[in-house]
Amino acid sequence: MIEIIPVETPSLGDRSYLVADGEVAFVVDPQRDIDRLLRLAERRGVEIRHVFETHVHNDYVTGGPALASATGADYHVNAADPVAFDRSPVEDGDVVEVGPRTRLRAVATPGHTFTHLSYVLESPDRSPSVFTGGSLLLGTTGRPDLLGPEHTGTLVRAQYASAHRLARELPAETDVLPTHGFGSFCSATQSEVTESTIGRERRVNPVLTRSEDEYVESLLAGLDVYPAYYAHMAPLNQAGQDAPDLSAPRRADAAELHRRLRAGEWVVDLRSRTAFAAGHLAGTLNFGLDGNLAVYLGWLMPWGTPVTLLGETPGDIARAQRELARIGIDRPAAAATGGPAEWTGDDKPASMPTATFADLAAVRRHRPIVVLDVRRDVEWRESHVPGAVHIPLHELPARLDEVPGGEVWTHCATGYRASIAASILAAAGRDVVAVLDEYDSRAAAA
């Protein structure tokens, strides 16, 4: 019996897949930390014989070359992709026999990229499945604008044609198994659905229920920004990357932490926003492990800046290191564990007031403050606090001089981005309060 095992990476909104038949296995779109897949294959008692890429990824560093090297598997990448490593070239219509009764058929599905492939899993023992990468997603499609605005118009119409090709050629019972679409910024819109079939997508997916012009207009109008680090992913993936070095970083003492801060390096506190607010090393920035650490740190930090990690335990450091390696931020400059007492040396830990939206409404009735909304444009347009200043978080480091003088209260949708923003402002010497509350348009307007 064929077993399809999704390997989730929730922090990036992606899935890899290990597919095993009891003896041999193949992998689709592996993340860079391949040890997860190797352990999974070992537990299943199967040998990974093939690795398939649906496309050159823009949101993470693939583990494909490293996994193929570690296992001796054939590495299948589109023949048209300009990669700098050995691969088994594959193109539309090619069939790869992956087991005695199992094969994968490549289907050209351009749209997310020009050379995107989907793979149809065919076996006489089961209904088909299709690995759709960033093409047909669950209730949506992959976004067509990551290769630049000059290509978006062409790619969005190619995406429409690709989705219709899959819907036309595959039976309704075919399982749809995308890589993106579980929170990834590679998804054109977000969906809460976790599984689907071609038949279901024919009924509910806008790309299959609307005319081409309606789909194109709606999708392009709804596209939001995407992380700045995406610009570095395709070149890294075309070059081919080794497995990351996840050994423990060098330990830093309080004196070194202070030196790194004075040098303008990024020292990142991985603790929760409430722990950070209660006490922290002045000048450090709060990107908690309880949120999308890699997405937001990769988005805001100038590429190549040395980063030092602060966590309560070595396990916290290891978890952050793994998250960052997935987007090509390798080998932290240093790390320290414990808490502010160990990190501040002779200095007193800094603290930061926190508040709720009820507190915000109350204080505005008594004195003037600056309300800084750091949500994205699409969130701001839906609703916002009257009189708030709007600077999306990813633009804040470059726009600090636009934040009006006085006491600043930062907010977002859940408090995670508000704490990042507050830590950036505090490091710049501003008087700041972080609203660590769930945003509700009615409460915010009170």
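Structure first, text after, so check above.
Residues numbered from 1 in each chain as written. Predicted model: local features only at pLDDT ≥ 70, side-chain atom pairs only at ≥ 80, totals over all residues. Heavy atoms only, no water.

S.K.: Quick rundown of the overall build of the chain? Include the residues and the values.
M.R.: A tally of helices and strands in the chain yields 16 helices and 21 strands. For 446 residues, the compact-globule estimate of 2.2 N^0.38 gives 22 Å, and the chain sits close to it at 23 Å. With the C-alpha coordinates of the chain rotated into their principal frame, the extents come out at 70 × 50 × 35 Å. Out of the 446 residues belonging to the chain, those deemed buried represent 57%. The contacts in the chain between residues at least 6 apart in sequence include a share of 67% that link residues at least 24 apart. Summing over all exposed atoms, the chain offers an accessible surface of approximately 17900 Å²; the carbon and sulfur share of this is 49%. (Helix = DSSP H or I, 4+ residues; strand = E, 2+ residues; numbered from the N terminus. Rg over C-alpha atoms; globule rule 2.2 N^0.38 Å. Buried < 20%, exposed > 50% of the residue type's maximum accessible area, 1.4 Å probe, protein only. Contact = heavy atoms within 4.5 Å. Areas by Shrake-Rupley, 256 points an atom, 1.4 Å probe, with all protein chains shown as cover.)

S.K.: Can you tell me about the environment of Leu 396, naming the residues and giving the values?
M.R.: Mapping Leu 396 onto the fold places it in the loop between β19 (389-390) and β20 (408-411). By relative accessible area, which is 0% here, Leu 396 ends up buried. Excluding residues that lie within four positions of it along the chain, Leu 396 makes contacts with Leu 372, Ile 391, Val 403, Ala 421 and Ile 424.

S.K.: Go over the sheet that holds strand β13 (residues 266-269) with me, naming the residues and quoting the values.
M.R.: Strands sit in the order β14-β13-β15-β16 across an open sheet of four strands; the sheet is parallel. Taken across any chain shown, the strands that pair with only one partner, and hence form the sheet edges, are β14 (285-286) and β16 (334-337). Inspection of the sheet shows strand β15 (residues 307-311) paired to β16 by four bridges, in the parallel sense. Residue pairing in the sheet places Leu 310 in a bridge with Ala 336 of β16. Each of β15 and β16 is contacted by helix α11 (residues 314-325), which is oriented at about 140° to β15, the strand it contacts most. (Pairing = 2+ DSSP bridges. Axes fitted to C-alpha atoms, helices over the stretch in contact; angles between N-to-C directions.)

S.K.: So what's going on with the pairing of strand β18 (residues 370-373)? Residues and values would help.
M.R.: Both faces of β18 are covered, namely the face carrying Val 370 and Leu 372 and the face carrying Val 371 and Asp 373. Here β18 runs beside β20; their pairing, made up of four bridges, is parallel. The residue bridging Val 371 from the neighbouring strand is Trp 409, located in β20. The pairing of β18 with β19 spans two bridges and is classified as parallel. For Leu 372, the partnering residue across the bridge sits in β19 and is Val 389.

S.K.: Outline the environment of Asp 373, supporting the account with residue identities and numerical values.
M.R.: Residue placement: Asp 373 occurs in strand β18. Between the alpha carbons of Asp 373 and Ile 391 there is a distance of 6.3 Å; along the sequence they are 18 residues apart. Apart from the residues lying within four places of it in its own chain, the contact partners of Asp 373 are Trp 380, His 384, Ala 388, Val 389, His 390, Ile 391, Pro 392 and His 411.

S.K.: Outline the pairing of strand β7 (residues 95-99), listing residues and values.
M.R.: Judged from the four bridges that link them, β7 and strand β8 (residues 102-108) form a sheet pairing that is antiparallel. Counterpart to Glu 97 in the pairing with β8 is Arg 103. Hairpin connection between β7 and β8: a loop of two residues separates the two successive antiparallel strands.

S.K.: Go over the nonpolar core, please, and point to the residues and values.
M.R.: In this structure, Phe 287 and Leu 297 are the most contacted members of the largest nonpolar core, which totals 52 residues. Once residues lying within four places of it in the same chain are set aside, the contact partners of Leu 297 are Trp 266, Val 268, Phe 287, Val 307 and Leu 324. (Core = buried A, V, L, I, M, F, W, Y, C linked by side-chain atoms within 4.5 Å.)

S.K.: A description of the sheet that holds β20 should follow, citing residues and the corresponding values.
M.R.: Overall, parallel pairing links the five strands, which are arranged β17-β21-β20-β18-β19 in an open sheet. Across the chains shown, the open sheet's two edge strands, defined by having one partner strand only, are β17 (354-355) and β19. Relative to strand β21 (residues 432-435), β20 runs parallel, the two being bridged by three bridges. Across the sheet, the residue bridging to Trp 409 is Val 433, located in β21. Running at roughly 150° to β20, helix α13 (residues 357-364) makes contact with β17, β18, β20 and β21 of the sheet.

S.K.: I'd like a description of the packing of helix α10 (residues 293-300) against helix α15 (residues 416-427), backed by residues and values.
M.R.: Describing two packed helices takes the angle between their axes plus the distance from one axis to the other. Direction vectors running N to C along α10 and α15 enclose 35°, while the axes themselves pass 12 Å from each other. Helix-helix and strand crossings are classified by hand; for α10 and α15 the assignment is right-handed. Residues Leu 293, Tyr 296 and Leu 300 of α10 lie in contact with α15, whose contacting residues are Tyr 416, Arg 417, Ile 420 and Ile 424. Tallied by class, the residues present in the contact of α10 with α15 amount to six nonpolar, no polar and one charged. (Left-handed = near helix turned anticlockwise from the far one by under 90°. Nonpolar A, V, L, I, M, F, W, Y, C, P; charged D, E, K, R; others polar.)

S.K.: An account of the packing of helix α3 (residues 149-169) against helix α6 (residues 212-222) is needed here, citing residue identities and associated values.
M.R.: Relative to each other, α3 and α6 sit at 125°, their axes nearing to 10 Å. Classified by the angle between their axes, α3 and α6 sit oblique to one another. Crossing geometry of α3 relative to α6 is assigned as right-handed. Contacts from Thr 152, Val 156, Arg 157, Gln 159 and Tyr 160 in α3 reach Glu 212, Asp 213, Tyr 215, Val 216, Leu 219 and Leu 220 in α6. (Parallel < 35°, antiparallel > 145°, perpendicular 65-115°, else oblique.)

S.K.: Could you give an account of the environment of Ile 4, naming the residues involved and the relevant values?
M.R.: The residue Ile 4 is located in strand β1 (residues 3-9) in this model. For Ile 4, a relative accessible area of 23% puts it in the partly exposed group. Leaving out residues up to four positions away in the same chain, Ile 4 has contacts with Tyr 17, Leu 18, Val 19, Leu 121, Arg 126, Ser 129, Phe 131 and Leu 177.

S.K.: Please set out helix α2 (residues 64-71) residue by residue, giving values where relevant.
M.R.: Here α2 has its buried residues at Gly 64, Pro 65, Ala 66, Leu 67 and Ala 68. Where the residues of α2 are buried, they touch β3 (24-28), α1 (35-44), β4 (47-52) and β5 (74-78). Directly after α2, the chain includes Gly 72, whose backbone phi takes a positive value near 75°.

Interpretation note: all reported values are geometric properties and have no functional meaning in isolation.
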